[in-house]
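Per-entry structural report
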2 protein chains.
Amino acid sequence: MAVNLSAPIAAELKPVNGIRLATASAGIKKPGRQDVVLIELAAGSHTAAVYTRNAFCAAPVLIARENQTQSATRFLLINSGNANAGTGDAGLAAAKACCQAVAELGQCDASAVLPFSTGVIGQPLPVDKITTALPDAFGKLQADNWFAAAHAIMTTDTIAKARTVELSLNGQKITLTGIAKGSGMIRPDMATMLSYIATDAAISPLILQKMLEVSMEQSFNSITVDGDTSTNDACILIATGQAGNASIEDMDSVEAQQFIEALNLLSRFLAQAIVRDGEGATKFISIDVEQGADEDECKQVAYTIAHSPLVKTALFASDPNWGRILAAVGRSGLPNLDLSKIAIYLDAVCIVDGGQPAADYTEEKGQQVMSQSEITIQVKLGRGEVAKTVWTCDFSYDYVKINAEYRT
Amino acid sequence: MAVNLSAPIAAELKPVNGIRLATASAGIKKPGRQDVVLIELAAGSHTAAVYTRNAFCAAPVLIARENQTQSATRFLLINSGNANAGTGDAGLAAAKACCQAVAELGQCDASAVLPFSTGVIGQPLPVDKITTALPDAFGKLQADNWFAAAHAIMTTDTIAKARTVELSLNGQKITLTGIAKGSGMIRPDMATMLSYIATDAAISPLILQKMLEVSMEQSFNSITVDGDTSTNDACILIATGQAGNASIEDMDSVEAQQFIEALNLLSRFLAQAIVRDGEGATKFISIDVEQGADEDECKQVAYTIAHSPLVKTALFASDPNWGRILAAVGRSGLPNLDLSKIAIYLDAVCIVDGGQPAADYTEEKGQQVMSQSEITIQVKLGRGEVAKTVWTCDFSYDYVKINAEYRT
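Quick summary incoming for the structure in this document. (Residues numbered from 1 in each chain as written. Chains lettered and ligands numbered in written order. Predicted model: local features only at pLDDT ≥ 70, side-chain atom pairs only at ≥ 80, totals over all residues. Heavy atoms only, no water.)

1. Some details on the interface of chain B and chain A
Quoted interface sizes are often the accessible area lost when the parts come together. Contact with chain B, which involves 53 residues of that partner, is made by 53 residues of chain A. The tally of links between chain B and chain A comes to zero salt bridges. In this structure, the connection of chain B to chain A is made through seven residue pairs in polar contact (both at pLDDT 80 or more). Elements represented by at least two residues in the side of chain B that touches chain A include exactly helix H2 (88–106), helix H8 (309–316), helix H9 (323–330), strand S13 (356–357) and helix H11 (397–405) of chain B. (Contact = heavy atoms within 4.5 Å. Salt bridge = Lys/Arg side-chain N within 4 Å of Asp/Glu carboxyl O. Polar contact = N/O pair within 3.5 Å; in protein donor to acceptor, adjacent residues only side chain to side chain. Helix = DSSP H or I, 4+ residues; strand = E, 2+ residues; numbered from the N terminus.)

Take a look at the structure:
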């Protein structure tokens, strides 16, 4: 059960001019399931991307990264049910074969196709099943297929993640629609599992890439479910340029800032949706680390708390066992950590102040916060002015169940 | 259920000349439970120690560290059921009051007493209960109480950890007896939860400390259950000097090397016992990382695998989902990791060779290894000559159960 996350409503997902999508069934893992997504980009679109930093990145990531440097992207091909990771040279050949098949049907160069895969690692990708499903996908390309696409990319997700954000740039209506998938193996490092965001705004390629990176930092790069960075993470931002606005060419312009604000809203929603639907999650946790000397040390403390199995199981149990939070801060490895300056809060309830147990803390107050489905853990370091927020979920029986039983 | 770990047998735990022990019941957490241990060291004993590096170290750790520099240690006082951590100035006063009470009954200076606490974090230490139990403990001091002491220091441990190792130094019989406790919040950093090892050998204080540090590195500092470093870790090595051997004054001497070998045997047994009894553990896992450029990078890869919830749940499920091991190696953060040089084995079964899936790997072979209760994951990095082994356990429903229900 996802935490306070509603399923998207098809009618609320707005088409983006210049983008058509289709889903098809290749029967990769389960017969009959829609497990292939084809996204067509109108000529003239620009594409920005960030990919996993996992050194063992999957074959499709290698091919997508390469193809993006060769040609203007015209198609994205995504399959769920098989990650085509840990598959060696055969995996590279499989990803290339899929791109070639799309290129033939779409009448473009193979390097204009970016492939993406998600699912189990280490199994050969069934290329024939995917290419067999392609004609059906081409025949069904439509602008209003975001809802179906959001469902077709799911693996252990229990709920689809999709949203539209609209803004006005100098009176010109701009649409951003995005989808994402992910539930486990989530600790994105420059990217998430898979996310695709498109806009009809006109934005120069360089600015588009910068915007994506800025936005990732405060969304997909600020979440963790289990600390495991996937081999297949990718986030793609497409600008079709069909809205009629003057192309955004400067990051410091008012238009760029307005667009980034809308992009942040969308990417943060999708990133948080992944945490809310984290494997076995029963609670959504914000970890605010404040008064750090720099962002790195804020992240280090936040992720140490977010990855602690003891903190996560205490959150699951609604147990105000705050000693575990204290221990995690203490082992986070910050040099010269001055305990006498540290304060820790559960929502508004102070548990530690000046390194001492807060005088007015009571078990009842702690219990009340811990029983909520959304909890903020706030740590003040007393070392500077920088703050960073990371989002995570708790750690339940169901996390073990899902990950012990997945694949078998 | 601990993994292939038998309970110690009282008669096999040999007394150490110069050491007497007693347990008593202070009713700290449960009425009637033996939860206090008093250890008396004969005059002339030397004591070496390593303590947690958690910045939020507990009050007794601060006091023990300080007292050790003031006086020759004559008593160790250990309580279970309350960690006296996160307790601020009141916690320091409580630990000092306990030392003072021991000093009065034992007719020594309070700084000759080292206090240790283990249990729940953040609760006031019930000093009166402990001091009330002390006269009973003093009256029961005996040389053959190691078995009772090993039980009295337990918290979530399901089985006591204790062993005796004997050796001969120039024809002189030497005895080492040690006990340890620990099951969760285990990722020791220069120390473990709590371990006490005593020998009757004569060893100079400086050499004793060096020996302890060398031995820790390949025992307590090479294990992890959940990556959480406790606030209360401590390991104490006592040499009473009553065996009659010529005092060991040189680390490079034959006698020092023989002693270290015996100490390693004992400390590695106790450290592995903690993993075998890891919270919810059903499997004992050795992670051998070989061909590293230095020990740090070997540890980095080994601990990334050992802390991955996805690897640990796959081990629990006996699922040869080796892609999760691959993904963990890939995200371990080693600079310039060359995939084409990497090989990964489950016991003798090669799963990845030269960065490619092993040609002769079959699901059946992987399944066979993963079904065992003891598994070695071997990673060859192809970067150098250094190797490092880390021990851990799997991640089961019971880990969540124990940590969600402990304390409440």
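The discussion continues.
2. Points about the side chain of Thr164(A)
All names here are of chain A. Tracing the backbone shows Thr 164 in strand S6 (residues 161–169). The exposure class of Thr 164 is buried, given its relative accessible area of 16%. Here Lys 14 takes part through its backbone nitrogen, which lies 2.8 Å from a polar atom of the side chain of Thr 164. Here Thr 177 takes part through its side chain, which lies 2.8 Å from a polar atom of the side chain of Thr 164. Setting aside chain neighbours within four positions, we find Thr 164 in contact with Glu 12, Leu 13, Lys 14, Thr 175, Leu 176 and Thr 177. (Buried < 20%, exposed > 50% of the residue type's maximum accessible area, 1.4 Å probe, protein only.)

3. Some thoughts on the sheet that holds strand S15 (residues 386–393) of chain B
Residues and elements named next belong to chain B. The strand order across the open sheet formed by six strands is S13-S12-S11-S14-S10-S15, and the pairing between neighbours is mixed. Both outer strands of the open sheet, S13 and S15, are each paired with one neighbouring strand and no more. Of the strands in this sheet, strand S10 (284–292), strand S14 (374–380) and S15 are in contact with helix H6 (residues 254–276), which crosses S15 at around 45 degrees. Strands strand S11 (343–346), strand S12 (349–353) and S14 of the sheet are contacted by helix H10 (residues 363–370), whose axis makes an angle of about 60 degrees with S11. (Pairing = 2+ DSSP bridges. Axes fitted to C-alpha atoms, helices over the stretch in contact; angles between N-to-C directions.)

4. Points about the sheet that holds strand S8 (residues 194–199) of chain B
All names here are of chain B. Sheet architecture is open: five strands sit in the order S3-S9-S8-S7-S6, paired in mixed fashion. Single-partner strands in this sheet number two, and they are strand S3 (46–51) and strand S6 (161–169). Taken pair by pair, the neighbouring strands of this sheet meet at an average axis angle of 15 degrees, ignoring direction. Relative to S3, helix H5 (residues 205–217) is tilted by about 35 degrees, and along the sheet it contacts S3 and strand S9 (234–239). This element, H6, spans S6, strand S7 (172–181), S8 and S9 of the sheet and lies at about 170 degrees to S6.

5. Quick word on the relation of the copies chain B and chain A
When chain B is fitted to chain A, the best match, at an RMSD of 0.1 Å, comes from turning it 180 degrees and sliding it 0.0 Å along the axis. What the rotation and shift describe, once combined, is the action of a two-fold rotation axis. If distances are taken from each C-alpha of chain B to the rotation axis, the shortest is found for Tyr397(B), at 2.8 Å. Comparing interface residues between copies, 100% of those in chain B also lie at the interface in chain A; the contact surface is shared. (Least-squares fit on C-alpha atoms with pLDDT ≥ 70 in both.)

6. Here's the deal with the packing of aromatic side chains
Evaluation of the coordinates by the stated rule reveals 11 aromatic pairs over all chains. Measuring from ring centre to ring centre gives 5.3 Å for Phe116(A) and Tyr196(A), while their planes differ by 75 degrees; the resulting arrangement is edge-to-face. With Phe116(A) in strand S5 (residues 113–120) and Tyr196(A) in strand S8 (residues 194–199), this pair connects stretches of sequence that are 80 residues apart. Among the residues examined, Tyr196(A) registers a relative accessible area of 0% and is labelled buried. Here the aromatic rings of Phe316(B) and Tyr397(B) are separated by 5.5 Å at their centres, their planes lie at 85 degrees, and the arrangement is edge-to-face. On the criterion of sequence distance, the pair formed by Phe316(B) in helix H8 and Tyr397(B) in helix H11 is long-range, its members being 81 residues apart. Given the relative accessible area of 22%, Phe316(B) is considered partly exposed. Taking relative accessible area as the criterion, Tyr397(B) reaches 26% and is therefore assigned partly exposed. Through pairs of rings, three or more aromatic residues link up here, namely Phe395(A), Tyr399(A), Phe395(B) and Tyr399(B). (Phe/Tyr/Trp six-rings, centres within 6.5 Å; stacked < 30°, edge-to-face > 60°.)

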